[in-house]
Amino acid sequence: MGPQQVSTIVTADGSRTLVNARGEGYKSRHGALAEARAVYLEGSGAAARLAVGRPLSVLEVGFGAGLNFLATAAAAEAGTAALDYRALELAPPQAETLAALGYAELLAPSPVPAALVAWRASFGETMASGWHEFAHGKVTLKLFVGDALGTTWGEDDTWRVDAVYHDAFSPAELPELWTEAFLSRLAARLTPGGAIVSFSVAGPVRRALAAVGLKVKKVAGPPGGKREVLVASMPVPTP
C-alpha cells in the first residue's frame with residue numbers, strides 16, 4: 001500500500017496533527033494533545049491507572065500519527081508502570097511526516113517520540129501488512145498494519161485490554177468501523193471494568209455499544225473542544 005496524502009496543521013492548543021486528503025483531521029482541530037489526554041487517557045481511566053503504578057494495556061483503532069500512544073507512553077515513563085499498547089492502522093505516515101509534527105519537543109522529556117520516528121524510518125516508505133513490534137523501556141507497542149475489518153489482527157483470542165481508544169475517522173467517513181459488529185469485536189477484548197472511549201457520541205454508536213453489553217455514558221469533552229465525548233464501560237461481575 002502506498003503512503004496516504006496528508007498535510008500538517010497546527011491545532012488550537014499549539015500541537016500539530018495531520019489532515020487527510022478529504023479534509024478530516026487525525027486529531028481534533030481544537031487541540032490535538034488536549035484531546036489525546038482528556039478523551040483517551042483520562043476518559044478511559046488510563047491516566048489514573050498509571051498514576052498509581054498499575055500496568056496498563058490498550059488497544060487503539062486508528063493509530064494515525066501516534067499521538068494517543070505517545071501521550072500514554074509519556075505518562076507511563078513518568079511513573080513505574082509498564083504499558084502494553086496494541087494499535088491498528090491502515091497506512092502509517094512516513095518517518096519524516098511524523099518528525100515534522102514535533103512530538104519529541106511537545107512531550108519532552110519522554111524519549112519515546114524520537115525513538116518511534118527512528119523505528120518508523122527503519123521500514124522505509126511503507127510498512128508491510130501484519131504486526132510490527134516497537135519497545136522502549138517499560139513501553140511496548142504492537143502495531144498492526146492493515147484493514148481493521150480483517151480477521152488477522154484478532155486471530156489470537158487470548159489477549160485483553162484495560163482500555164480501547166476508538167479513534168478512527170468519523171462514522172460519516174468510515175461507517176464500517178462504527179457498526180455493532182465491529183464494536184462487539186472491540187468490547188470482547190475488554191477486561192471487566194475496562195472502557196471503550198471515543199470522540200463520537202452519535203446515537204447509532206451509543207446504541208450499538210449498549211447492544212453489546214457496555215454501560216454507555218456521555219462525559220464532558222476537553223476544554224475548548226467537543227462539548228461531550230463517549231465512555232462505554234464493561235460491567236464488573238458481582239460476586
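Residues numbered from 1 in each chain as written. Predicted model: local features only at pLDDT ≥ 70, side-chain atom pairs only at ≥ 80, totals over all residues. Heavy atoms only, no water.

1. Focus: the overall build of the protein chain
Here is step 1: The number of helices and strands found in the protein chain is eight helices and 10 strands.
Here is step 2: Expected size for 239 residues packed as a compact globule is a radius of gyration near 18 Å; at 17 Å, the protein chain falls within 12% of this value.
Here is step 3: Projecting the C-alpha coordinates of the protein chain onto the three principal axes gives extents of approximately 50 × 40 × 40 Å.
Here is step 4: When burial is assessed residue by residue, the protein chain has 49% of its 239 residues classed as buried.
Here is step 5: Looking at the protein chain alone, contacts between residues at least 24 apart form 64% of all its contacts between residues at least 6 apart.
Here is step 6: Summed over all atoms, the accessible surface of the protein chain reaches about 10300 Å², with 55% contributed by carbon and sulfur. (Helix = DSSP H or I, 4+ residues; strand = E, 2+ residues; numbered from the N terminus. Rg over C-alpha atoms; globule rule 2.2 N^0.38 Å. Buried < 20%, exposed > 50% of the residue type's maximum accessible area, 1.4 Å probe, protein only. Contact = heavy atoms within 4.5 Å. Areas by Shrake-Rupley, 256 points an atom, 1.4 Å probe, with all protein chains shown as cover.)

2. A few points about the pairing of strand 8 (residues 190-198)
Here is step 1: Sheet topology places strand 7 (residues 161-166) next to strand 8; five bridges connect them, and they run parallel. Within strand 8, the position partnered with Tyr 165 by the bridge is Val 197.
Here is step 2: With helix 7 (residues 180-187) bridging strand 7 and its parallel neighbour strand 8, the resulting β-α-β unit is right-handed.
Here is step 3: Summarising the sheet, strand 8 and strand 10 (residues 228-233) pair through four bridges and their orientation is antiparallel. What sits directly across from Ser 198, in strand 10, is Leu 230. (Pairing = 2+ DSSP bridges. Right-handed = clockwise from strand over helix to strand, strands pointing away.)

3. Considerations on the pattern of salt bridges
Here is step 1: Using the criterion set out here, one finds seven salt bridges in the structure.
Here is step 2: The residue Asp 167 makes a salt bridge to Lys 27 at a minimum N-O spacing of 3.0 Å. Residue Asp 167 is found in the loop between strand 7 and helix 7, and its partner Lys 27 is found in the loop between strand 2 (16-20) and helix 1 (32-42); the two are separated by 140 residues along the sequence.
Here is step 3: Asp 167 gets classed as buried once you look at its relative accessible area, which sits at 8%.
Here is step 4: A residue is classified by how much of its surface remains accessible, and Lys 27, at 8% relative accessible area, is buried.
Here is step 5: Put simply, Glu 228 and Lys 218 hold a salt bridge, and the shortest N to O gap is 3.6 Å. (Salt bridge = Lys/Arg side-chain N within 4 Å of Asp/Glu carboxyl O.)

4. A look at the nonpolar core
Here is step 1: Of all hydrophobic cores here, the largest spans 71 residues; its most connected members are Phe 69, Leu 83, Tyr 85, Leu 141, Tyr 165, Leu 186 and Ile 196.
Here is step 2: Not counting residues up to four positions away in its chain, the partners in contact with Tyr 165 are Tyr 40, Leu 41, Ser 44, Ala 46, Val 58, Leu 59, Glu 60, Val 61, Asn 68, Thr 72, Tyr 85 and Val 197. (Core = buried A, V, L, I, M, F, W, Y, C linked by side-chain atoms within 4.5 Å.)

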